[in-house]
Amino acid sequence: MNLQKSKRGIKNWIKGSSHMNKKLCILTGVGPETGTGAEIARYFSENGYHVAMIARTDENLKYLERKYNNTSAYPCDVGKIEDFQKTINKILTDLGPANVVIHNAPLGTRGPILDLSYEDLEKNFRVNTTALLILSQATLPKMLERKSGTIIVTGNTAAERGKDGWGFFAASKSAQKILAESMAREFGPQGIHVAYIIIDALIDTPRTRPRLAPNKPDRFFASPKNIAKEIFNVVKQDKSTWSFRVELRPY
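Everything in this summary refers to the structure shown in the same document.

## Brief notes about the packing of aromatic side chains
Aromatic rings in a pair are described by how distant their centres are and how their planes are angled relative to each other. In total, this model carries five aromatic pairs according to the counting rule given. A centroid spacing of 5.1 Å and a plane angle of 75° characterise the contact between phenylalanine 44 and phenylalanine 232, whose relative ring orientation is edge-to-face. Separated by 188 residues along the polypeptide, phenylalanine 44 in helix α2 (residues 36-45) and phenylalanine 232 in helix α8 (residues 224-235) bring together distant segments of the chain. Grouping residues by exposure puts phenylalanine 44 and phenylalanine 232 together as buried. Ring-pair connections join several aromatic residues into one group, and the members of that group are Tyr43, Phe44, Tyr49 and Phe232. For the cation-ring pair, lysine 216 lies above phenylalanine 220, with the distance from its terminal atom to the ring centre recorded as 4.9 Å.

Written out as structure tokens, the structure reads:
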């Protein structure tokens, strides 16, 4: 029994120490395995990064932490701003300054405008837009010291136009995109790459496919694995050819 505990302790120490020789990626919105957030975490953790994973569901995060090397779980609702600030500070204390920040956590309240309240609108803004600000303000100072770093935001078609039943989501995602573009213009000349990924498609996730398009063929959907690869490619771009707006859609 003591030997088993000792082995577990050594294994946890090795896993916890793995970030020392790796760059740090802070990632919000890490949902179930095979979803976009989980695939981003997996891909970055397999390609030179230690990933600090943030999401509301503690059980799923701990499962992914066990499954993927070079990851750490930090359960938090990014819409609860004070909790989110504390979580980011803990990550920076535990793991050091971030090299890459990816804001992938979405909130999309759906329904007729007259049936929803201003509180619903504010919740969407807190998760989609305010959380991006909080995350950026916490991580940018060290990036600016190094004159390098990347901030990626995952968006979608809602950032481009309003849609019946999705007004609150579209309003907050549009604001998110404009905030990201303002950051790109302000911090790009200082060595910080800010990019906005517009996913113009339904994503093939355990939640989306069965609920919104159960009878569609595979080619109808955007693949989370390949979204993760494209985000990684954007992070690796040479600064002479940085992208801001990147659109992804099925062929």
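So much for the structure itself; the text now carries on.
## Here we look at the pairing of strand β6 (residues 192-199)
Within β6, eight of the eight residues are buried, which leaves it mostly tucked inside the rest of the structure. In the sheet, strand β5 (residues 149-156) pairs with β6 via eight bridges, with the strands oriented parallel. Along β6, the bridge assignment pairs threonine 154 with isoleucine 197. In the classification by handedness, the crossover that spans β5, the intervening helix α6 (residues 167-187) and the parallel β6 is right-handed.

## Remarks on helix α3 (residues 58-67)
Among all positions of α3, only Asn60, Leu61, Leu64 and Glu65 are buried. Each buried residue of α3 sits inside an arc of 140° when the element is viewed along its axis, so together they form one side. Summarising the geometry of α3, the exposed residues directed more than 90 degrees from the buried face are Glu59 and Arg66.

## Considerations on the pattern of salt bridges
As enumerated under the stated definition, the model contains 10 salt bridges in all. A salt bridge links arginine 42 to glutamate 39; the shortest N-O distance between them is 2.8 Å. Pair noted here: arginine 42 and glutamate 39 are both in helix α2, with a separation of three residues, about one helical turn. The burial state of arginine 42 is the same as that of glutamate 39; both residues are buried. Between lysine 142 and glutamate 145 there is a salt bridge, with the nearest N and O atoms lying 3.6 Å from each other. With lysine 142 and glutamate 145 both in helix α5 (residues 118-146) and three residues apart, the pair spans about one turn of that helix.

Conventions adopted
- Residues numbered from 1 in each chain as written.
- Predicted model: local features only at pLDDT ≥ 70, side-chain atom pairs only at ≥ 80, totals over all residues.
- Heavy atoms only, no water.
- Phe/Tyr/Trp six-rings, centres within 6.5 Å; stacked < 30°, edge-to-face > 60°.
- Helix = DSSP H or I, 4+ residues; strand = E, 2+ residues; numbered from the N terminus.
- Buried < 20%, exposed > 50% of the residue type's maximum accessible area, 1.4 Å probe, protein only.
- Lys NZ or Arg CZ within 6 Å of the ring centre and 35° of its normal.
- Pairing = 2+ DSSP bridges.
- Right-handed = clockwise from strand over helix to strand, strands pointing away.
- Arc of directions from axis to C-beta.
- Salt bridge = Lys/Arg side-chain N within 4 Å of Asp/Glu carboxyl O.

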